[in-house]
Amino acid sequence: MTAEDGHDGAQYLAGSPVRVAILRALRENPQRPAELTGAVDATRTTVQRILAGFRERDWVVKRDAAYRVTPTGERVHDAYETLLTEVERGDRYGRFAATVERVGADFPAAGLPDSDLTVASEQNPLAAVDRLTELLHESCGSEIRAVSPVVIQPFNDAAAAALDDGASVELVIDRDVVDASVAEFEPATDRALDDDAAEVYVSAEPIEYGLFRRGNMACVTAHDERNNPRCVLESTHPTAVDWVDETFAALRDDASKLSSVVERA
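Think of each chain on its own: its residues are numbered from 1, step by step along the sequence as written. Owing to the predicted nature of the model, reporting of local features is limited to residues with pLDDT of at least 70; listing and counting of side-chain atom pairs is limited to 80 or more, with chain, interface and lining totals taken over all residues. As a rule here, side-chain values cover all heavy atoms of the structure and leave hydrogens and water aside.

### Regarding helix α3 (residues 33-40)
- Listed as buried for α3 are Pro33, Leu36 and Val40. The buried residues of α3 occupy one face: seen down the axis, they fall within an arc of 55°.
- Should any heavy atoms of two residues lie within 4.5 Å, those residues are considered in contact. Strands are runs of DSSP state E lasting at least two residues, helices are runs of H or I lasting at least four, and both sets are numbered from the N terminus onward. In the core, the buried residues of α3 are packed alongside α2 (17-28), α4 (44-56) and β2 (66-69).
- Phi for Asp41, located one or two positions after α3, is positive at around 55°. Each residue is placed in one exposure class: buried if its accessible area under a 1.4 Å probe, protein chains only, is under 20% of its type's maximum, exposed if it is over 50%, and partly exposed if it falls in between. The directions from the helix axis to the C-beta atoms form the arc being described.

Put into C-alpha cells, the structure is as follows:
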C-alpha cells in the first residue's frame, strides 16, 4: 500500500459519518445489514453500498450472513478514533496552546491530556480571573508558588486571605507589575515586603504568562496580547507539574527580591 492509498482510505472513511458509524458498530459486534440499518439510521441501500466499500478495502468480511471487522479494519477504526480524539483536544486546547506558544512558553504537549481548562468568553470574560481567584482562596495552609504578569485587586485580596489562613507564597512578577503595585496597590506591596510568609521576586525580563503551583496541582495561565488572562489550564500530569516547577525555579533564580527593587519612603 502506498501513502496515496492510505490517504484515499482515510478520505473515504472520513467523508461520511455513516461510514464511521458502521465501522464503529462492527468494531463492537458482528452485525447483519438489517441490524446496521437500525443502528446507524441509514437505508439498507446505503448500508449495503458502504459494506461493499469496506470489503473492497479488506476492512470487513461476511461470514454466516453477518459482517465483522478484520484485523485491518480494527486498526483503521482505532487509528481514526485516536485522530478524532486528538482533533477534539486541539479544538478545546487550541487557544491555550497557541497563546503560550506565541510568547515562547514551550509548554509540553504531553501535559495537555486530562487537564482541566477554563476559558474566558464573550459571555464570561472574567472566567479565567475568577478561576485563579478561586484557586487562591482554596489555598489555606498551602505552599503557593506563582508567576504573574498582571496585578489586579481580586488577586491581591485572595492572596492576602490565603496568607491570613496560613499559606506561604513565593511570587515572581516583572517590573511593570511592580510599578503598578506601588502606584495602585500600596497596602499589598507593603505586605509583600513585610510578611515573612511572602517572598516576592522581580524579573528583569517581561513576563507574558502565569504559573500557579499548589499541592500536586499545577496551572498555566495564557494571556492575550493585552495581557488579560484568557485560559487557565490545571493539571496533575507529571509532565505539566515538572514543567511548571522547572520554569518557576528558572524565573525565580534569575529574578531579584522585591526589597532590592522597591524604595520605601
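### Concerning helix α6 (residues 127-137)
- Within α6, 8 of the 11 residues are buried, leaving the element largely enclosed by the surrounding structure.
- Those residues of α6 not exposed but buried are Ala127, Ala128, Val129, Arg131, Leu132, Thr133, Leu135 and Leu136.
- Considering only its buried residues, α6 is in contact with β3 (116-119), β4 (143-147), α7 (153-164), β7 (209-214), β8 (217-223) and β9 (229-235).

### Regarding unusual backbone geometry
- Located in the positive-phi region is Asp58, a residue other than glycine, with phi close to 65°.
- Tracing the backbone shows Asp58 in the loop between α4 and β1 (60-63).
- The exposed category is assigned to Asp58, whose relative accessible area is 53%.
- Notably, Asp64 is not glycine yet its phi reads approximately 55°, a positive angle.
- Tracing the backbone through its elements, the reader meets Asp64 in the loop between β1 and β2.

### Looking at the packing of α2 against α4
- One way to put it is that α2 packs onto α4 with a least axis distance of 10 Å and a crossing angle of 70°. One finds that α2 runs roughly perpendicular with respect to α4. Packed against α2, whose contacting residues are Val18, Arg19, Ile22, Leu23 and Leu26, the element α4 presents Thr46, Val47, Ile50, Leu51 and Phe54 at the interface.
- Taken together, the residues that form the contact of α2 with α4 break down as 8 nonpolar, 1 polar and 1 charged. To get an axis, fit a line to the C-alpha atoms, keeping to the stretch in contact for a helix; angles then go from 0 to 180 degrees between the N-to-C directions. Here the word oblique covers every angle except those under 35 degrees (roughly parallel), over 145 (roughly antiparallel) and from 65 to 115 (roughly perpendicular). Three residue categories are used. Nonpolar comprises Ala, Val, Leu, Ile, Met, Phe, Trp, Tyr, Cys and Pro, charged comprises Asp, Glu, Lys and Arg, and polar comprises the others, including Gly.

### Brief notes about the pairing of β9
- Of all 7 residues making up β9, 6 are buried, and the element is well covered by its neighbours.
- When DSSP finds at least two bridges between two strands, those strands are taken to pair. As judged from the 4 bridges shared by β3 and β9, these two strands associate in the antiparallel manner. Opposite Leu117, over in β9, you have Leu233 as the bridge partner.
- As defined by bridge partners, β8 adjoins β9 across 6 bridges and the pair is classed as antiparallel. Following the sheet pairing, Val220 is matched in β9 by Leu233.
- The turn joining β8 and β9, which pair antiparallel and follow one another in sequence, is formed by 5 residues; a positive phi near 70° is taken by Asn227.

### Here's the deal with the sheet that holds β4
- Strand order in this open sheet of 8 strands is β3-β9-β8-β7-β4-β5-β6-β10, and the pairing throughout is mixed. Every interior strand has two partners, whereas the edge strands, β3 and β10 (256-257), have only one.
- On top of the sheet, helix α5 (residues 71-102) reaches β3, β8 and β9; it is set at about 75° to β8, its chief contact.
- Against the sheet, helix α8 (residues 175-184) contacts β5 (168-174) and β6 (198-203), and its axis sits at roughly 110° relative to β5.

### Re the packing of aromatic side chains
- Paired rings are identified among Phe, Tyr and Trp, the last through its six-membered ring, by centres lying within 6.5 Å, and are further divided according to the angle between planes into stacked (under 30 degrees), edge-to-face (over 60) and tilted (the rest). In total, this model carries 6 aromatic pairs according to the counting rule given.
- A ring pair is formed by Phe96 and Phe107, whose centres lie 5.6 Å apart and whose planes are at 85°; its orientation type is edge-to-face. One end of the pair, Phe96, is in helix α5; the other, Phe107, is in the loop between α5 and β3, and 11 residues separate them in sequence.
- With relative accessibility at 1%, the residue Phe96 sits in the buried group.
- Among the residues examined, Phe107 registers a relative accessible area of 12% and is labelled buried.

### Focus: the environment of Gly111
- By secondary structure assignment, the location of Gly111 is in the loop between α5 and β3.
- Along the sequence, Gly111 and Val40 sit 71 residues apart, while their C-alpha atoms lie 36 Å from each other.

### Focus: the pattern of salt bridges
- A side-chain nitrogen of Lys or Arg and a carboxyl oxygen of Asp or Glu constitute a salt bridge if their distance falls within 4 Å. Counted according to the given criterion, the structure contains 14 salt bridges.
- One salt bridge connects Asp245 with Arg145, and the closest N-O pair in it is separated by 3.7 Å. Linking Asp245 in helix α10 (residues 238-253) with Arg145 in strand β4, this pair joins segments that are 100 residues apart in sequence.
- The salt bridge involving Glu170 is made with Arg252; its shortest N-O contact spans 3.3 Å.

### Regarding the nonpolar core
- Residues enter a nonpolar core if they are buried and are Ala, Val, Leu, Ile, Met, Phe, Trp, Tyr or Cys, with the set joined through side-chain atoms within 4.5 Å. Core analysis: the largest hydrophobic core is formed by 25 residues, its most contacted members being Phe96, Val100, Phe107, Leu211, Val220, Leu233 and Trp243.
- In this structure, Trp243 is in contact with Ala105, Asp106, Phe107, Pro108, Tyr209, Leu211 and Val220, ignoring residues within four places of it in sequence.

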